[in-house]
Amino acid sequence: MKYDYLIVGSGLFGAVFAYRAKMAGKRSLVIDKRSHRGGNIYCENIEGINVHKYGAHIFHTSNKDVWDFVNSIVEFNRYTNSPVANYKGTLYNLPFNMNTFNKMWGVVTPTEAQAKLEEQKADVKAALNGREPQNLEEQAQLLIGKDIYEALIKGYTQKQWGRKCTELPAFIIKRLPVRMTFDNNYFNDKYQGIPIGGYNKLIDGLLDGIEVRLDTDFFANRSELESIAEKIVYTGPIDEYFGYKFGKLQYRTVSFEMTVEDTSNYQGNAVVNYTEAEVPYTRIIEHKHFEMFGAEVEACPKTVISKEYSAEWESGMEPYYPVNDEVNNELAEKYRESARKEKNVIFGGRLADYRYYDMDKVVEKALVCEV
């Protein structure tokens, strides 16, 4: 055996595990079927701007150990995620807070906002007549009322999932954040930011001194690759690892229409959601706002935007979001049970676990894995 670990995938889980293995004196080979390292956090530099090639990635956590670890590799900036929703040309702050309620209803105080919310929710409670919400539409209206649901949730969610809100499970939106303050910070976590210089700096730091082979498909040469290492760390789709023996899991995927704009500031914010159903894309990302602030924005004469489109995943597309309905969850659990029986394979990351993770949770899991 030439290596202690064959690490399949150079995204966050694989890169953090490889780093820890190196610190423990182990030798790893990291392979990736793509032509770049970093998985979906890879950045492409265009016009001096670090473009998040696979969509907006904002690191946030309340775990100080995780925050200290990533900052030991590269310093993070002070970016605060404060997305804006555009509904038919009117802008609303997200998450739903006093700025949103003031714009929607003209209320000024938290007491007025709460009274308006209760008034809206009363109709939904009456219609439910004591039963639990059966779908996302009922759940959302019970939490936030009809006005905000119709303007800021319904169209966006249906575009995102490719299904009517009445066909989506209620649990998807049970944690809808509602704040009676004028705080536009989307996350409640203690720490958040973007690596200074982009996410490639983080991945490069983690993989420094470790052998990496790109354009290498694990499944194209599986038997040979499995024979060169004592153990495998697998971060790809779990159903593919097992040859789809129980059937294929479903995903949502995302595509991007990227353009360079001849202006220093296109929309004034990193993320603007387009919530009406008639607009085909879900949001526009203006990448410079992740790392440039104040005068830096104007000093960079051009900007790069990405329009984001959600679609049903098909073979050959990049899988993004697990479809966490009952059928897929039951299927995924069968694969997880098979994974637990694999003695020399460590499964990690969103695809290998078939769970949607924020980045800090991926790092956290990789940090506690036995090396």
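Residues numbered from 1 in each chain as written. Predicted model: local features only at pLDDT ≥ 70, side-chain atom pairs only at ≥ 80, totals over all residues. Heavy atoms only, no water.

Enquirer: I keep staring at the sheet that holds strand E12 (residues 271–274) and nothing clicks. Help me out?
Expert: Hydrogen bonds between backbone atoms are what pair the strands of a sheet, whose relative direction is either parallel or antiparallel. Sheet architecture is open: seven strands sit in the order E7-E6-E12-E13-E14-E11-E15, paired in mixed fashion. Only two strands of the sheet have a single neighbouring strand rather than two, namely strand E7 (90–93) and strand E15 (321–322). Across four bridges, strand E6 (residues 84–87) lies against E7 in antiparallel orientation. For Tyr-87, the partnering residue across the bridge sits in E7 and is Thr-90. (Pairing = 2+ DSSP bridges. Helix = DSSP H or I, 4+ residues; strand = E, 2+ residues; numbered from the N terminus.)

Enquirer: Sorry if this is basic, but what is going on with the packing of aromatic side chains here?
Expert: The description of two aromatic rings rests on the distance between their centres and on the angle between their planes. The final tally for this structure, using the stated rule, is 27 aromatic pairs. Ring centres 5.8 Å apart and planes at 15° place the aromatic pair Phe-242 and Phe-347 in the stacked group. In this pair, Phe-242 sits in the loop between helix H9 (238–241) and strand E11 (251–261) while Phe-347 sits in strand E16 (residues 345–347), placing the two residues 105 residues apart along the sequence. There is no split in this pair, since Phe-242 and Phe-347 are both buried. Here a set of aromatic residues connected by ring pairs shows up, and it is made of Phe-218, Phe-219, Tyr-234, Tyr-241, Phe-242, Phe-246, Tyr-335 and Phe-347. In this structure, Arg-78 packs its charged tip against the face of Phe-293, placed 3.8 Å from the ring centre. Geometry around Tyr-92 places Lys-103 over its ring, the cationic atom sitting 5.8 Å from the centre. (Phe/Tyr/Trp six-rings, centres within 6.5 Å; stacked < 30°, edge-to-face > 60°. Buried < 20%, exposed > 50% of the residue type's maximum accessible area, 1.4 Å probe, protein only. Lys NZ or Arg CZ within 6 Å of the ring centre and 35° of its normal.)

Enquirer: Got a minute to help me understand the side chain of Ser-28 in this structure?
Expert: Topologically, Ser-28 is positioned in strand E2 (residues 28–31). Ser-28 has contacts with Tyr-3, Tyr-5, Ile-7, Ala-21, Ile-210 and Glu-211, leaving out every residue within four places of it along the chain. (Contact = heavy atoms within 4.5 Å.)

Enquirer: Any chance you could explain the side chain of Asn-40 here in plain terms?
Expert: When you line up the elements, Asn-40 lands in the loop between E2 and strand E3 (43–46). Setting aside its immediate chain neighbours within four residues, Asn-40 contacts Arg-34, Tyr-54, His-57, Glu-318, Tyr-320 and Arg-350.

Enquirer: I'm lost on the packing of helix H3 (residues 98–105) against helix H4 (residues 110–128) in this one. Help?
Expert: Two elements in contact, H3 and H4, have axes separated by 10 Å at closest approach and are oriented at 65°. The angle between H3 and H4 falls in the class roughly perpendicular. The chirality of how H3 crosses H4 is left-handed. Facing Met-98, Phe-101 and Trp-105 of H3, the residues of H4 in contact are Pro-110, Ala-113, Lys-116, Leu-117 and Gln-120. Here the contact of H3 with H4 is composed, by residue class, of six nonpolar, one polar and one charged. (Axes fitted to C-alpha atoms, helices over the stretch in contact; angles between N-to-C directions. Parallel < 35°, antiparallel > 145°, perpendicular 65-115°, else oblique. Left-handed = near helix turned anticlockwise from the far one by under 90°. Nonpolar A, V, L, I, M, F, W, Y, C, P; charged D, E, K, R; others polar.)

Enquirer: Help me understand the sheet that holds strand E9 (residues 211–213), please; the structure alone is not making it clear to me.
Expert: Within the open sheet, the five strands sit side by side as E9-E2-E1-E10-E16. Their pairing is parallel. Either end of the sheet is taken by a strand with one partner, and the two such strands are E9 and E16. Averaged over neighbouring strand pairs, the angle between their axes works out to 20° when direction is ignored. Summarising the sheet, strand E1 (residues 3–8) and strand E10 (residues 229–234) pair through five bridges and their orientation is parallel.

Enquirer: Is there a simple way to think about helix H5 (residues 136–144) in this case?
Expert: Each full turn of the α-helix corresponds to 3.6 residues, which orients residues three or four apart in the same direction. Along H5, seven of the nine residues are buried, which leaves the element largely enclosed by surrounding structure. All buried positions along H5 are accounted for by Leu-136, Glu-138, Gln-139, Ala-140, Gln-141, Leu-142 and Ile-144. Here the buried face of H5 lies against H3, H4 and helix H6 (146–161). Of the residues that open H5, the one with a side-chain oxygen 3.1 Å from the backbone nitrogen of Glu-137 is Asn-135. After H5 finishes, the residue Gly-145 shows a positive phi value of roughly 85°. (Polar contact = N/O pair within 3.5 Å; in protein donor to acceptor, adjacent residues only side chain to side chain.)

Enquirer: In this structure, what is going on with the packing of helix H2 (residues 64–73) against helix H13 (residues 359–368)? I would like to understand it.
Expert: Two numbers describe a pair of packed helices, the interaxial angle and the distance between the axes. Axis separation between H2 and H13 bottoms out at 10 Å; the angle between their running directions is 90°. By the criterion of interaxial angle, the relationship of H2 to H13 is roughly perpendicular. Where H2 abuts H13, its residues Val-66, Phe-69 and Val-70 lie against Asp-360, Val-363, Glu-364 and Leu-367. Here the contact of H2 with H13 is composed, by residue class, of five nonpolar, no polar and two charged.

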